[in-house]
Amino acid sequence: MQSSPLLTVSGTSVTNQAMTQSSTTLWTYAFNTSGLSSGTYIVTVAATDTISRALASNVSLTLITETTPPTVTHQLSQATPYLNASDIVTYTATFSEPMAATPTIDINGEGYETLAHQSDDEVWTYYIDMSTYTGTQGALTVTVSGTDKFGNAYAAGPEIFAVQVDTKLP
């Protein structure tokens with residue numbers, strides 16, 4: 001290259017910024033995406049070679065950002081609000097978008113455990129074995145945490161399921 005390639009990102013203050021040479025053929029630019037609103041941005045690089053010929057093709061990339069945290073729908077497999085110590089209840093969390101890593105679940109403050117992956121990266125389950133349940137009668141308080149593929153954390157409060165739990169085996 002005759003000089004540093006210049007990088008422009010549409011819709012931002014990054015216009016004709018010099019890139020940094022990492023090797024004879026690799027040039028980089030550290031672009032901080034924090035604070036960008038959700039949307040599509042076009043990244044364009046302009047360069048000339050050592051004999052002043054412009055880059056033969058217009059190289060552009062599309063950068064998609066998304067800053068909306070996921071939402072989740074909670075569901076228990078039991079249709080009745082009455083549970084006993086021999087029940088195994090399936091809890092299903094359906095996120096509004098794919099999750100980047102395995103979400104976790106906490107039931108009644110007993111500590112986080114991982115959810116099981118289902119058919120896609122949006123549906124996750126956990127089996128609650130009521131024979132090991134140590135909570136009190138009246139409610140299951142379920143707190144789920146997870147991060148979507150863009151790094152946005154699920155940040156809603158706990159879901160409370162009103163159930164009557166008989167913790168004694170029949």
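Since the structure is predicted, the reported quantities are computational estimates derived from the model, not experimental observations.

Structural notes on the overall build of the protein
- The helix and strand tally for the protein stands at zero helices and 15 strands.
- Taken over the C-alpha atoms alone, the protein extends approximately 85 × 25 × 25 Å along its principal axes.
- Nonlocal contacts in the protein, meaning residues at least 24 apart in sequence, comprise 58% of its contacts between residues at least 6 apart.
- Accessible surface, the protein: about 10000 Å² in total, of which carbon and sulfur atoms supply 53%.

Let's talk about the nonpolar core
- Core analysis: the biggest nonpolar cluster contains 22 residues, and Tyr91 and Ile128 have the highest contact counts within it.
- For this core, the secondary-structure elements that each account for two or more residues are strand E7 (72–76), strand E9 (88–95), strand E10 (104–107), strand E13 (123–129), strand E14 (138–145) and strand E15 (159–166).
- Counting residues per element, this core draws most heavily on E9, at four residues.
- For Ile128, the residues in contact, after removing those within four places along its chain, are Leu76, Asp87, Ile88, Val89, Tyr91, Ile107 and Leu140.
- Core analysis: the next-biggest nonpolar cluster, separate from the first, contains eight residues, Val9, Val14, Met19 and Val43 among them.

Some remarks on the pattern of salt bridges
- In the structure shown here, the tally under the stated rule is two salt bridges.
- Residues Asp49 and Arg53 are paired through a salt bridge, measuring 2.7 Å at the closest nitrogen-oxygen approach.
- Between Asp121 and Lys149 there is a salt bridge; the shortest N-O distance is 3.2 Å. One end of the pair, Asp121, is in the loop between strand E12 (116–117) and E13; the other, Lys149, is in the loop between E14 and E15, and 28 residues separate them in sequence.

Comments concerning the pairing of E13
- In this structure, E9 lies alongside E13, joined through seven bridges in antiparallel fashion. For Val89, the partnering residue across the bridge sits in E13 and is Ile128.
- Sheet topology note: the E12/E13 ladder contains two bridges and is antiparallel. Within E13, the position partnered with His117 by the bridge is Trp124.
- Where E12 hands over to E13, the hairpin turn is made up of five residues, counted between the paired strands.

Notes on unusual backbone geometry
- With a phi close to 65°, Ser52 is a non-glycine residue in the positive phi region.
- The topology assignment puts Ser52 in the loop between strand E5 (39–46) and strand E6 (59–65).
- Given the relative accessible area of 46%, Ser52 is considered partly exposed.
- The phi angle at Asn108 is positive, at roughly 55°, despite the residue not being glycine.
- Relative to the helices and strands, Asn108 resides in the loop between E10 and strand E11 (112–114).

Here we look at the environment of Thr104
- Tracing the backbone shows Thr104 in strand E10.
- Residues Thr104 and Thr48 lie 56 residues apart in sequence; the distance between their C-alpha atoms is 50 Å.
- Of note is the side chain of Thr104, whose polar atom sits 2.6 Å from the side chain of Ser145.

Some remarks on the sheet that holds E13
- As summarised here, the arrangement of the four strands in space is E7-E9-E13-E12, forming an open sheet in which the pairing is antiparallel. Of all the strands in the sheet, the pair left with one neighbour each is E7 and E12.

Parameters at a glance
Residue positions within a chain follow its written sequence, with the count starting from 1. It should be noted that, the model being predicted, local features are given only for residues of pLDDT at least 70 and side-chain atom pairs only at 80 or more, the latter also being counted only at that level, while totals for whole chains, interfaces and linings use all residues. In computing side-chain values, all of the structure's heavy atoms are included and hydrogens and water are not. Counting from the N terminus, the helices are DSSP H or I runs at least four residues long and the strands are E runs at least two residues long. Residues count as neighbours in contact if any of their non-hydrogen atoms are within 4.5 Å of one another. For the accessible areas, the method is Shrake-Rupley and the probe is 1.4 Å, while residue cover comes only from the protein chains on display. In this text, buried Ala, Val, Leu, Ile, Met, Phe, Trp, Tyr and Cys residues form a nonpolar core when linked through side-chain atoms within 4.5 Å. Classification of residues uses two cut-offs on accessible area relative to the type maximum, computed with a 1.4 Å probe and protein chains only: under 20% is buried, over 50% is exposed, and between them is partly exposed. Throughout this description, the term salt bridge denotes a Lys or Arg side-chain nitrogen within 4 Å of a carboxyl oxygen of Asp or Glu. By the convention used here, strands pair only if DSSP detects at least 2 bridges between them. Between N or O atoms, a polar contact is any pair within 3.5 Å; within protein, one atom must be a potential hydrogen donor and the other a potential acceptor, and residues adjacent in sequence are included only when both atoms are from side chains.

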